[in-house]
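Structural overview
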Number of protein chains: 2
Amino acid sequence: MNKETLAIIGGGDAGMTTASWARRRKPHMNIIVFEKTNLISHAPCGLPYFIEGLFDDEKLLSAYTPEEFEKERNVNIRINHEIIELDLDNRVIYAKNRNNNDIIKLEYDYLAIATGSKPKKIKYDNESRIFYVHHPSLAREVKEKIMNLNNVAIIGGGILGVELAEALVRNGKNVLLIHKNAYLLNKMLDNDMASYINNYVSKDIKLKLNEEVLEITDGGRVIITNNGKYEVDGTIVSIGVEPNTELINDKNMIGETKAIKTDEYMRTSYKDVYAVGDVAESTNIITGMPDWQPFAPVAGKMGFTAGNHIGGVNYRFPGLIGTAITKYGEYFIAKTGLTENEAKKYGFKTISTIIRSNTRARYYPGGKEIIIKLIADENTQKLIGAQIIGQEEVLGRIDLLALAIMKSNTLYDLFYLEHAYMPAISRSWDPVILAARSLLTKF
Amino acid sequence: MNKETLAIIGGGDAGMTTASWARRRKPHMNIIVFEKTNLISHAPCGLPYFIEGLFDDEKLLSAYTPEEFEKERNVNIRINHEIIELDLDNRVIYAKNRNNNDIIKLEYDYLAIATGSKPKKIKYDNESRIFYVHHPSLAREVKEKIMNLNNVAIIGGGILGVELAEALVRNGKNVLLIHKNAYLLNKMLDNDMASYINNYVSKDIKLKLNEEVLEITDGGRVIITNNGKYEVDGTIVSIGVEPNTELINDKNMIGETKAIKTDEYMRTSYKDVYAVGDVAESTNIITGMPDWQPFAPVAGKMGFTAGNHIGGVNYRFPGLIGTAITKYGEYFIAKTGLTENEAKKYGFKTISTIIRSNTRARYYPGGKEIIIKLIADENTQKLIGAQIIGQEEVLGRIDLLALAIMKSNTLYDLFYLEHAYMPAISRSWDPVILAARSLLTKF
Ligand SMILES: Cc1cc2nc3c(=O)[nH]c(=O)nc-3n(C[C@H](O)[C@H](O)[C@H](O)COP(=O)(O)OP(=O)(O)OC[C@H]3O[C@@H](n4cnc5c(N)ncnc54)[C@H](O)[C@@H]3O)c2cc1C
Ligand SMILES: Cc1cc2nc3c(=O)[nH]c(=O)nc-3n(C[C@H](O)[C@H](O)[C@H](O)COP(=O)(O)OP(=O)(O)OC[C@H]3O[C@@H](n4cnc5c(N)ncnc54)[C@H](O)[C@@H]3O)c2cc1C
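Small disclaimer: the values here were computed from a predicted structure and weren't measured.

Residues and elements named next belong to chain A. With five of its six residues buried, strand 2 (residues 30-35) lies for the most part within the structure. Across five bridges, strand 1 (residues 5-9) lies against strand 2 in parallel orientation. Looking at the pairing, I8 lines up with V33 of strand 2. Traced from strand 1 through helix 1 (residues 13-25) to strand 2, the parallel crossover comes out right-handed. In this structure, strand 2 lies alongside strand 3 (residues 76-79), joined through four bridges in parallel fashion. Following the sheet pairing, E35 is matched in strand 3 by I79.

Structure, rendered in structure tokens:
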């Protein structure tokens, strides 16, 4: 009997996790990962901090070298191999070896598409001073180029834009941030929460809100918006990412979110073909609608799901709610579920509250501010969204709220959570509990 | 029509929360709180830090003065009034005014017993140098006496003993901690987790484990154990607390845990008589057995439940699981649900794992160690217990695990939680998620 072959396209989080779990479940399967760059198991999430200069060894951006992974997991890794064509009907893919341009044809039994996302672009003349911060393989090059500039424009005030603004400010750069929405981080926060951040960020950088960039000229040195024209030394574009579906010819595979449609085991519409990570669409648990969340924890769990399923072990991927965290200066900023804005668009009748509190007992030194917004569905009293801005203990609280949303918990459930209290790190009435109480007692 | 009267015995967390919510629901009710000391709305939880010297204004130990509370909530507060007798059959209580020894008789329509807990004692000759750290009204006095000592014995290595050990060590005292169990914090941790703490604490203090104190003589200067005799300048006894049920004559009111039995609205077996806070027993959600958890968040939520119910609004108190957090030095130590030890005693077939991780991405500076133990029921795959030792982001994680336990979530539910990730404060595979995965994939 021939060995089964699993081919994986893309050596990021999603692809490598798929490989690991398929290997664990099927010790004898033939597993090949094709990665077009020279890096696997890489962490794009580290790029803003590498640029900031918080660490300088770019090897740390990869959890494994190809050699280590091959050895430890017995998986065949082909770096510098780009998949250039899929023939899903005949279960064949074609790879180009970027070292010598050889074309390799491979028949697969299982295929996992894990090609990630790619940055959206803006109209430009030439790209000599336009930068994208996206793939770790370009970390050093991008960093050096950006660090040569003094006046830098960042287009887009989402997570990446805000993280890069901080990285540049800490390096003494003059930052101009142009954002088309009325407030920063508008996919994470509602206006009421974002206003805290707008004020805070404006202290360090020049912030242009409500402004849309029409064109970048002079190779990145001139930015033309619907409201003016700015001259800088170079421009970083961080207006978001989109699923990297270049290889997909069959448009039926693509969903509303522009990512590849998947079922609860990450299967696409083609038998034995999976899609995982930033290239994959799933279903939002709150709305029941297609959703796409290009974040590392999602990529990992999708890979886990697909790898296990290929290996004969079935864990259902439960769908998405949209959890994210970022920071600016001393503040962590996190959200889970729907913003109130989004919830209303989906037809929910929302009820919401914002609680400002200290993170510690009033008498305990070093307490920090924390602001929590909770959003519930007025009809069911279920939690459907949460936003937190704070200096400590933001992560665990947002995860707790994410769990509550995923499991359809109500305000009652959340309020009566038997939470932990000690003066040195919390409040007897924890701000999460206070916020839940404030909504619960409105009914 | 006469106004209804609600009498509340005890002006701690539980009593004052009951008063607040009854008032909110029934603006015209007559509400009287009897408190035998001169403080209400006080925070015993702050005592270790007051003693340590982290703040010096003992007024901060009370959230409200009696006058403030009376004014803000329109509740009649009688400080220095001790309830000395209950006549529940006739709906009457008797209070002694401690200023002039007058006895007051009061008829009530509703009664809430919120007398808290009291420290357990050890056999002694005289108490001149034996100290209990329990009520904020004695904060200054106890602190001054303890600070006069150089060599201090602490009996009992539970939460309070460990917190006080730190407070004294930071003040240059020589601390001898005698604990009858084989490891510290044995109600919170299993041996495998506690061993980290034992080692850490032993660097600062003299630790005697597995030793039972038989008697304290010389007014607190000589301690006789089953294994030796120790001479010190004075002794703090922190061997635990018990429900303060001195007023209860009808033994049928008392449950297995020695606290007052309550139903889901905090009602006792007497009509219109409620028990809340450290004096009240409830039901453990995991075991279905009577349980008692003398912690501030529980006291608050019991008070909320009773106050609302008296006010005609019904929220069911869901029962207990046992959540707690403490710290020593740089480490927070937290637990929720059953320890593995306890779970086995209750007949669970347990499966458990311990994960050691860093709190941040490997390349992000300042990461701290975190150790997580998860315990699940092998039959149902439900999470039934968790323990965490770590330097940051312990609180939110333990609360998240508490919610999972309260809502009967399985390892699958926990693993697939869409958690937040950013390198500066977490891991792409969060240690909680890793721990859940490690157990989930054993099945
Ligand atoms: C700068 C930045 C910061 C981020 N910060 C965070 C964060 O803090 N937290 C968080 O949760 N998420 C963050 N993310 C998102 C996170 O990195 C992604 O969700 C995650 O990397 C997705 O993993 P993936 O495997 O699906 O895709 P990727 O990691 O993008 O990997 C896809 C791989 O496929 C390869 N590939 C593509 N096409 C082909 C082809 N045709 N042939 C061969 N190989 C191919 C690519 O070279 C790439 O290596 C960040 C992303 C960026 C860019
Ligand atoms: C030193 C210490 C540290 C603690 N640290 C923490 C912590 O970090 N986290 C946490 O969650 N919990 C902690 N706790 C526990 C927490 O303080 C209690 O759970 C909480 O105070 C219980 O509230 P309560 O209202 O039921 O009782 P109490 O706060 O004890 O209040 C009861 C009140 O009733 C009064 N009273 C008693 N009998 C009578 C009577 N006959 N007539 C009139 N009045 C009477 C008492 O004087 C007292 O003021 C700590 C406790 C102590 C002692």
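And the narrative resumes.
Right, let's talk about the nonpolar core for a bit. Ranked by internal contacts, the top residues of the largest apolar core, which has 285 residues, are I113 and L374 of chain A together with I113 and L374 of chain B. Dropping the residues within four chain positions of it, I113 of chain A is found in contact with I9, L86, I248, M253, I260, V273, Y274, A275, V276 and V279 of chain A.

Not every one of the 35 residues close to ligand 2 is listed here, only the nearest: Y421 of chain A together with E35, H42, H135 and D278 of chain B. Among the chains of the assembly, those with residues near ligand 2 are chains A and B. Here a nitrogen atom of ligand 2 sits 3.1 Å away from a polar atom, N or O, in the main chain of K36 of chain B. The separation between an oxygen atom of ligand 2 and a polar main-chain atom of P294 of chain B is 3.2 Å. Here ligand 2, which alone exposes 990 Å², has 93% of that area covered by the protein. Among the secondary structure elements, those contributing two or more residues to the shell around ligand 2 are helix 1 (13-25), strand 2 (30-35), strand 4 (81-87) and helix 7 (296-310) of chain B. Among the residues making up the shell around ligand 2, the classes are represented as 18 nonpolar, 12 polar and five charged.

This part takes up the packing of aromatic side chains. Within this structure, the stated rule accounts for 28 aromatic pairs over all chains. Taking the centre distance of 4.8 Å and the plane angle of 70 degrees together, the rings of W21 of chain A and F304 of chain A count as edge-to-face. Highlighted residues: W21 of chain A in helix 1 and F304 of chain A in helix 7 (residues 296-310), separated in sequence by 283 residues. W21 of chain A gets classed as buried once you look at its relative accessible area, which sits at 5%. On the numbers, 4.5 Å between centres and 50 degrees between planes, the contact of F415 of chain A with F304 of chain B is tilted. Residue F415 of chain A is located in helix 10 (residues 411-415), and its partner F304 of chain B is located in helix 7; the two belong to separate chains. Its relative accessible area of 0% is what places F415 of chain A among the buried residues. Classification of F304 of chain B as buried rests on a relative accessible area of 0%. The ring of F50 of chain B has K143 of chain B sitting right over it, with the charged end atom 5.0 Å from the ring centre. Positioned over the ring face of W429 of chain B is R437 of chain B, at 4.7 Å from the centre of the ring.

In this section: the interface of chain A and chain B. In this complex, chain A contributes 78 residues to the contact, which on the side of chain B involves 78 residues. Buried surface at the junction of chain A and chain B, summed over both partners, amounts to about 6,600 Å²; 65% is from carbon and sulfur atoms. For chain A, the biggest contributors to the area lost against chain B are Y363, Y416 and E418 of chain A; these three give 13% of the whole. Across the contact surface, chain A and chain B share two salt bridges. Counting across the interface, chain A meets chain B through 29 residue pairs in polar contact (both at pLDDT 80 or more). Of all the secondary-structure elements, those providing two or more residues to the side of chain A that touches chain B are helix 1, helix 7, strand 21 (323-328), helix 9 (395-406), helix 10 and helix 11 (431-440) of chain A. Per-element tally for the side of chain A that touches chain B: the top contributor is helix 9 of chain A, with 10 residues.

Glancing now at the pattern of salt bridges. The tally for this structure, following the rule as stated, stands at 46 salt bridges over all chains. R91 of chain B is paired through a salt bridge with D272 of chain B; the nearest N and O atoms lie 2.6 Å apart. Pair noted here: R91 of chain B is in the loop between strand 4 and strand 5 (92-97) and D272 of chain B is in the loop between strand 17 (241-243) and strand 18 (273-275), with a separation of 181 residues, a long-range link. For R91 of chain B, a relative accessible area of 26% puts it in the partly exposed group. Judged by its relative accessible area of 15%, D272 of chain B is buried. Here the salt bridges share partners, and the residues they tie into one network are D190, D192, E340, K344 and K373 of chain A.

Below, the discussion takes up the sheet that holds strand 5 (residues 92-97) of chain A. Residues and elements named next belong to chain A. Taken together, the three strands give an open sheet; going across it, the order is 4-5-6, and neighbouring strands pair in antiparallel fashion. Either end of the sheet is taken by a strand with one partner, and the two such strands are strand 4 (81-87) and strand 6 (103-107). For this sheet the average axis-to-axis angle between neighbouring strands, irrespective of direction, equals 25 degrees. Judged from the five bridges that link them, strand 5 and strand 6 form a sheet pairing that is antiparallel. Within the sheet, the bridge partner assigned to K96 lies in strand 6 and is I103.

Let us look at the side chain of E166 of chain A. All names here are of chain A. Within the secondary structure, E166 sits in helix 5 (residues 159-169). You can call E166 buried: its relative accessible area is 5%. Among the polar contacts listed, one links the side chain of E166 to the side chain of K327, at a separation of 3.2 Å. When neighbours within four sequence positions are excluded, E166 is seen to be in contact with E52, K327, Y328 and G329.

This part takes up the packing of helix 9 of chain A against helix 9 (residues 395-406) of chain B. Between helix 9 of chain A and helix 9 of chain B, the least distance of the axes is 6 Å, while the angle of their chain directions is 15 degrees. On the basis of the axis angle, helix 9 of chain A is roughly parallel to helix 9 of chain B. Crossing handedness for the pair helix 9 of chain A and helix 9 of chain B: right-handed. Between helix 9 of chain A and helix 9 of chain B, the contacting residues are L395, G396, R397, D399, L400, L403 and A404 of chain A on the first element and L395, G396, R397, D399, L400, L403 and A404 of chain B on the second. Residue composition of the contact of helix 9 of chain A with helix 9 of chain B, grouped by class: eight nonpolar, two polar and four charged.

Rules behind the numbers
Residues numbered from 1 in each chain as written. Chains lettered and ligands numbered in written order. Predicted model: local features only at pLDDT ≥ 70, side-chain atom pairs only at ≥ 80, totals over all residues. Heavy atoms only, no water. Buried < 20%, exposed > 50% of the residue type's maximum accessible area, 1.4 Å probe, protein only. Helix = DSSP H or I, 4+ residues; strand = E, 2+ residues; numbered from the N terminus. Pairing = 2+ DSSP bridges. Right-handed = clockwise from strand over helix to strand, strands pointing away. Core = buried A, V, L, I, M, F, W, Y, C linked by side-chain atoms within 4.5 Å. Contact = heavy atoms within 4.5 Å. Near = heavy atom within 4 Å. Polar contact = N/O pair within 3.5 Å; in protein donor to acceptor, adjacent residues only side chain to side chain. Areas by Shrake-Rupley, 256 points an atom, 1.4 Å probe, with all protein chains shown as cover. Nonpolar A, V, L, I, M, F, W, Y, C, P; charged D, E, K, R; others polar. Phe/Tyr/Trp six-rings, centres within 6.5 Å; stacked < 30°, edge-to-face > 60°. Lys NZ or Arg CZ within 6 Å of the ring centre and 35° of its normal. Buried area = accessible area lost by both parts, 1.4 Å probe. Salt bridge = Lys/Arg side-chain N within 4 Å of Asp/Glu carboxyl O. Axes fitted to C-alpha atoms, helices over the stretch in contact; angles between N-to-C directions. Parallel < 35°, antiparallel > 145°, perpendicular 65-115°, else oblique. Left-handed = near helix turned anticlockwise from the far one by under 90°.

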